[in-house]
Amino acid sequence: MEHYGALMDTLVAGHYAAADSICARISAAHDGHPASLYARGTVLYTRLIDSEDSAGRAEFFELADSCARLCAEWREAHREDISLLAYIRGNALSSAGIILMRAGKPVAGLRKLLAARHEFDAAIEADPQFYDAYLGRGTYRCAVAQHASVLGVLPFMPDLESGLRDLRLAADSSHWSRWAALNALVWFTLDEREYDLADSLCDVGLARFPDSRAFLQPKLAVYVRQDHWAEAEETGLRLLNEYLADPDNNGYETTTLYWRLMVCADELARPEDAESYARSGLAVRRTADVERRRKEKVEAMRERLSQSSADSRGGHRGR
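The structure presented is a predicted model; accordingly, all values stated were derived computationally and were not measured.

Draft legend 1. Summary view of helix H13 (residues 229–244). The first and last C-alpha atoms of H13 sit 22 Å apart over 16 residues, in line with the 22 Å expected at 1.5 Å per residue. Taken together, the buried positions of H13 are Trp229, Ala232, Glu233, Thr235, Gly236, Leu239, Leu240 and Tyr243. Contacts from the buried residues of H13 go to helix H3 (34–51), helix H12 (213–225), helix H14 (252–267) and helix H15 (271–282).

In structure tokens, the structure reads:
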């Protein structure tokens, strides 16, 4: 698909205005083809993941359903581009499944991923060297393996290593999806507590996209899970600057990051900085949905400042 590789790289870099412009070119070049819907859906999906937003979910699900339906119709009518259409349909279903899982609906999400897996299998069967499809199949395999306790026993239960192999193949050889596959591989590796490997994969991504939130977020997680608080604070501040510069910032990630920075400062025995981070976090402008979803973090920052106030009144300062 013309321009799609550029779109994927632009989204990994977090440049949404440029991504919208590339989407317009894809729509012009592929008017009426499912590829135009797929491009728009990819941008919206990436925004939802990046900003932890929920306001655009209804629009995204409608777009994903339309794309999946159009792929089936186009395949029936034209009997061509079987591998490409299976890949596009699989991605529409897969991205919808991932959004459902992140919304706290793992069973519904994994059902979508199961349907997507059949499409990715079809794409790979039609063209075994269509390496982009291995990203979708690998995501399915890893997700199912990690949620096996929720699903019970499936007829063909994949194992995690088979999914990681698919992701590694996509990261090494795919045409459009190399960096998206690397990002997925980082998170699954991180969940397996292979911290050195996850850190190295983040460094590869950041060498190509130095300010990419897609790789700074897992980099932060690597440091936090190993109690490397100074490095976590440094990375958290880099991420914070990225989100503060985003005109579509809804307050979710900035609230989370100020809370995280507060914890880092306390762990580093710098209570004044911890209080400063807490005050900044409470001052973040949040949507009503974010206020509800980040309630625990907001309360933790309020409690931290109340603790400092009580300590001051008692004539001493504590953590």
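Draft legend 2. Looking closely at the state of the cysteines. With the rule as written, the count across this model stands at zero disulfides. Of all cysteine sulfurs in the structure, the one in Cys142 sits closest to Cys202, which takes part in no disulfide; the separation is 16 Å. With no disulfide of its own, Cys264 lies closest to Cys202 among cysteine sulfurs, the gap being 16 Å. Relative accessible area serves as the criterion here: at 0%, Cys264 is assigned to the buried category.

Draft legend 3. Layout of the nonpolar core. Among the nonpolar cores identified, the biggest contains 78 residues, and Tyr4, Leu7, Tyr87, Ile88, Leu167 and Met262 are the most heavily contacted of them. With eight residues, H14 is the single largest residue contributor to this core. Judged by nonpolar contacts, the second largest core, of 14 residues, contains Leu48, Ala64, Ile98 and Ile99.

Draft legend 4. Focus on the packing of helix H1 (residues 4–13) against H3. Where H1 contacts H3, the two axes come as close as 11 Å, and the packing angle between them is 10°. Considering their axes alone, H1 and H3 lie roughly parallel with respect to each other. In this structure, H1 uses Tyr4, Leu7, Met8 and Leu11 to contact H3, whose residues at the interface are Tyr38, Ala39, Thr42, Val43 and Thr46. In terms of residue class, the contact of H1 with H3 is built from seven nonpolar, two polar and no charged.

Draft legend 5. The pattern of salt bridges, seen in detail. According to the stated counting rule, one finds 25 salt bridges in the structure shown. Here Arg293 ties to Glu52 by a salt bridge, and the two come within 3.2 Å at their closest N and O atoms. One end of the pair, Arg293, is in helix H16 (residues 288–293); the other, Glu52, is in the loop between H3 and helix H4 (57–78), with 241 residues separating them in the sequence. With a relative accessible area of 17%, Glu52 lands in the buried category.

Draft legend 6. A look at the packing of aromatic side chains. Following the criterion strictly, the structure yields ten aromatic pairs and no others. Ring geometry for Tyr4 and Trp176: centres 5.7 Å apart, planes at 85°, overall edge-to-face. With a gap of 172 residues between them, Tyr4 in helix H1 and Trp176 in the loop between helix H9 (160–173) and helix H10 (178–191) connect regions that are remote in the sequence. Side by side, Tyr4 and Trp176 carry an identical accessibility label, which is buried. Summarising the aromatic geometry, the rings of Tyr38 and Tyr87 are spaced 6.0 Å apart at their centres and angled 85° between planes, so their arrangement reads as edge-to-face. Of the two residues, Tyr38 sits in helix H3 while Tyr87 sits in helix H5 (residues 82–102), which places them 49 residues apart along the sequence. Every member of this aromatic cluster is reached through a ring pair, and the members are Tyr4, Tyr38, Tyr87, Phe130 and Trp176. One cation-aromatic arrangement involves Arg213 over Tyr243; the distance from NZ or CZ to the ring centre is 4.5 Å. Here Lys297 stacks its cationic end above the ring of Trp259, 4.3 Å away from the centre of that ring.

About the cut-offs
Chains are numbered independently. Their residues run from 1 in the order of the written sequence. Where totals are concerned, whole chains, interfaces and linings use all residues; where local detail is concerned, this predicted model gives features only for residues with pLDDT of at least 70, and gives and counts side-chain atom pairs only at 80 or more. With hydrogens and water stripped out, all remaining heavy atoms of the structure feed into the side-chain values. Note on conventions: DSSP H or I runs of at least 4 residues are helices, E runs of at least 2 residues are strands, and numbering of each starts at the N terminus. A helix is expected to reach a length of 1.5 Å times the quantity of its residues less one. Note on exposure labels: buried denotes an accessible area under 20% of the residue type's maximum, exposed denotes more than 50%, and partly exposed covers the range between, all computed with a 1.4 Å probe on protein chains only. In what follows, residue pairs with any heavy atoms lying within 4.5 Å of each other are defined as contacts. Criterion for a disulfide: a pair of cysteine sulfur atoms at a distance within 2.5 Å. Only buried residues count toward a nonpolar core. Its members are Ala, Val, Leu, Ile, Met, Phe, Trp, Tyr and Cys residues joined through side-chain atoms within 4.5 Å. Only the contacting stretch of a helix is used when fitting its axis, a line to C-alpha atoms as for every element, and angles between N-to-C directions run 0 to 180 degrees. Angles below 35 degrees are treated as roughly parallel, those above 145 as roughly antiparallel, those between 65 and 115 as roughly perpendicular, and all remaining angles as oblique. Basically, the charged four are Asp, Glu, Lys and Arg, the nonpolar ten are Ala, Val, Leu, Ile, Met, Phe, Trp, Tyr, Cys and Pro, and anything else, Gly included, counts as polar. Salt bridge criterion: a side-chain nitrogen from Lys or Arg within 4 Å of a carboxyl oxygen from Asp or Glu. In this analysis, rings of Phe, Tyr and Trp, with Trp reduced to its six-membered ring, are considered paired at centre separations within 6.5 Å, and the interplanar angle assigns stacked below 30 degrees, edge-to-face beyond 60, and tilted for intermediate values. For a ring to carry a charge above it, either NZ of a lysine or CZ of an arginine must fall within 6 Å of the ring centroid while also lying within 35 degrees of the normal to the ring plane.

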